[in-house]
Amino acid sequence: MSKTWRPATQLVHGGTLRSQYGETSEAIYLTQGFVYETSEAAEARFKGETDGFIYARYGSPTNDMFEKRMCMLEGAEDARATASGMAAVAAAVLCQVKAGDHIVAARALFGSCRWVVETLAPKYGIECTPVDGRDLANWERAIRPNTKVFFLESPTNPTLEVIDIAGVARLANQVGAKVVVDNVFATPLFQKPLELGAHIVVYSATKHIDGQGRCLGGVVLSDKEWIDENLHDYFRHTGPAMSPFNAWTLLKGIETLPLRVKQQTQNAAKIADFLAEQSKVAKVIYPGRKDHPQADLIAKQMTGGSTLVAFELKGGKEAAFALQNALEIIKISNNLGDSKSLITHPATTTHKNLTEEARAELGISAGTVRLSAGIEDTDDLIEDFAQALAKVSA
């Protein structure tokens, strides 16, 4: 029956394990190791002849529940929960490449993601070619005989560009490469990369999945064969495992994911429309608006907009700082996907380590601001923007 459950039901009941006590809420198994009834049972467990847990670095009942629930939502066969979103990204990319291999990556990536593929990977003899991911021809031109991985996020951080995942997957399949998609901005509710042809999906569970600013977490999802052949040993021996307590916290957060994302998206859409009418705003980018440069692709690839809005103020950094400092409800933070509305200035925070030229290539100007809409009352948020914009010099 669980295969036919819709997301809202899956995220409350999926993958639940209960102890002999029949607890309503999932149990937290705060243990490092597990006890075996006999030496023979231990041997069989380590040989893989019997099912069961061995060591918390490899897996635990609480983590297993979180992984299974994410698999149901994503439509994946298997998953591994990690300590953070960046642990998930690093594991998904690095577990399948070696010295002499080549990565093609969209240049519009979160700063730490770019560091993994453009700075860390080359230290181990793995080359990376960054491309403007919006044009499939750029991906095709970048392919080499040793290309093993295509890596992208869509929509992108912070300018909400959208990449044709199915198109990239077709190119990857032609050369036997794997497509890794960071799906954080779309959430698993609005975009299904595996259904579009991607091979691996990663999330920072810190964002919408927790959604309440409490803990770090990440997850890598794919088919069982890929995880067994690539991620399994990397995960066991390098130790990026999620804490069982964080897994429990994320299980509680994911129960309300559809409710929160629905309200956040409604708020983001209405705020985007409001900002588009303001004289001090030069540009608004939102996947749910018809004026988005890739509206046709969005309609084909996504089932909803986003909880994020990017916009550019005419007055540059001075105007952006003035706006952010004048906001009362909306808080300044580099996080996103939270129940609280959060705002950040990418050029001086999340993307500050990029050169000015690199930021310009990505469409990040001194006036670019990224809003993560929360679940507050829509009118209160719009009124907060109105009073803050009034304090920005024309």
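Now for a description of the structure that goes with this document. In this text, all values refer to a predicted model and were calculated from it rather than measured experimentally. Per chain, the residues get numbers from 1 upward, laid out in the order the sequence is written. Reporting of local features is limited, given that this is a predicted model, to residues whose pLDDT is at least 70; pairs of side-chain atoms are given and counted only at 80 or more, and all residues count toward the totals for whole chains, interfaces and linings. With hydrogens and water excluded, all non-hydrogen atoms of the structure serve as input to the side-chain values.

Moving on, we get to the overall build of the protein. In this description a helix means any DSSP run of H or I spanning at least four residues, a strand means any run of E spanning at least two, and both kinds are numbered starting from the N terminus. Within the protein one finds 15 helices and 12 strands. With the radius of gyration taken over C-alpha atoms, the globule rule is written as 2.2 Å times the number of residues to the power 0.38. A globule of 394 residues ought to have a C-alpha radius of gyration of about 21 Å, and the protein, at 22 Å, matches this closely. Its C-alpha atoms give the protein principal-axis dimensions of roughly 75 × 55 × 35 Å. In the protein, buried positions account for 56% of the 394 residues. Between two residues, a contact is recorded if the distance between any of their heavy atoms is within 4.5 Å. In the protein, the share of contacts with a sequence separation of at least 24, taken over all contacts with a separation of at least 6, comes to 74%. The buried label applies to any residue whose accessible area, calculated with a 1.4 Å probe on protein chains only, is under 20% of its type's maximum; exposed applies above 50%, and partly exposed to all values in between.

With that out of the way, let us pick up empty space enclosed by the protein. The gaps of empty space that remain are located by a probe, the size of a water molecule, rolled over the atoms. Definitions used throughout: a 1 Å grid over protein atoms alone; a cavity as a set of points that fits a 1.4 Å probe which cannot get out; a pocket as an open set with protein on both sides within 12 Å along at least five of seven lines; a lining residue as one with an atom within 4 Å of a point. Grid points are joined across faces, edges and corners, and a volume is the space filled by probe spheres set on the points. All told, the structure shown has two cavities of 30 Å³ or more when counted by the stated rule. The calculated volume of the largest cavity comes to roughly 60 Å³. The wall of the largest cavity is formed by Thr159, Lys283, Ile285, Ala310, Phe311, Glu312, Gly363 and Thr368. Of all the secondary-structure elements, those providing two or more residues to the lining of the largest cavity are strand E8 (281–285) and strand E9 (308–313). Broken down by element, the lining of the largest cavity gets its largest block of residues, three residues, from E9. The classification used treats Ala, Val, Leu, Ile, Met, Phe, Trp, Tyr, Cys and Pro as nonpolar, Asp, Glu, Lys and Arg as charged, and all other residues, Gly among them, as polar. Its residues assigned to classes, the lining of the largest cavity shows three nonpolar, three polar and two charged. Together, Val184, Thr187, Pro188, Tyr203, Ser204, Lys207, His208 and Ile209 line the second largest cavity.

DSSP bridges decide pairing: two strands pair if at least two such bridges lie between them. With mixed pairing, the five strands of this open sheet are ordered in space as E8-E9-E12-E11-E10. With partners counted over all chains shown, the strands left at the sheet margins are E8 and strand E10 (331–332), one partner each. Of the strands in this sheet, E9, E10, strand E11 (342–344) and strand E12 (368–372) are in contact with helix H13 (residues 316–326), which crosses E9 at around 130°. The convention used is that axes are lines fitted to C-alpha atoms, helices contributing only their stretch in contact, and that angles between N-to-C directions extend from 0 to 180 degrees.

Relative to the 20 Å expected for 14 residues at 1.5 Å per residue, helix H3 (residues 61–74) spans 20 Å between its end C-alpha atoms, a close match to the ideal helical length. Most of H3 is tucked away, with 12 of its 14 residues classed as buried. Where H3 is concerned, the buried positions are Pro61, Thr62, Asn63, Asp64, Met65, Phe66, Glu67, Arg69, Met70, Cys71, Leu73 and Glu74. Following H3 by one or two positions, Gly75 adopts a phi angle in the positive range, close to 80°. Helix span, as expected, comes to 1.5 Å for every residue beyond the first.

Next up on the list: the side chain of Thr368. Along the chain, Thr368 falls in strand E12. A relative accessible area of 3% means that Thr368 is categorised as buried. A distance of 2.9 Å separates a polar side-chain atom of Thr368 from the backbone nitrogen of Ser365. Counting of polar contacts relies on pairs of N or O atoms within 3.5 Å, with two restrictions inside protein: one atom must be capable of donating a hydrogen and the other of accepting it, and residues adjacent in sequence are counted only when both atoms are side-chain atoms.

So, about the packing of helix H11 (residues 257–276) against helix H15 (residues 378–389). Two elements in contact, H11 and H15, have axes whose closest approach is 10 Å; the angle formed by their N-to-C orientations is 35°. H15 is crossed by H11, and the crossing has right-handed handedness. Counted together, Gln263, Asn267, Lys270, Ile271, Phe274 and Leu275 of H11 and Thr378, Leu381, Ile382, Phe385, Ala386 and Leu389 of H15 form the full contact between these two elements. Looking at side-chain class alone, the contact of H11 with H15 contains eight nonpolar, three polar and one charged residues. By the definition used in this description, the sense in which the near helix is turned from the far one sets the handedness, with an anticlockwise turn below a right angle giving left-handed and a clockwise turn giving right-handed.

A few words now on the sheet that holds strand E3 (residues 127–131). On the basis of which strands lie adjacent, the open sheet formed by seven strands has the order E1-E7-E6-E5-E4-E2-E3 and mixed pairing. The strands lining the two open edges of the sheet, one partner per strand, are strand E1 (78–82) and E3. Averaged over all pairs of adjacent strands, the angle between their axes in this sheet comes to 20°, without regard to strand direction. Note that strand E2 (residues 102–106) and E3 share five bridges and pair parallel. Within E3, the position partnered with Ala106 by the bridge is Val131. Packed on one face of the sheet, helix H7 (residues 165–175) meets strand E4 (147–153) and strand E5 (178–182) and runs near 170° to E4.

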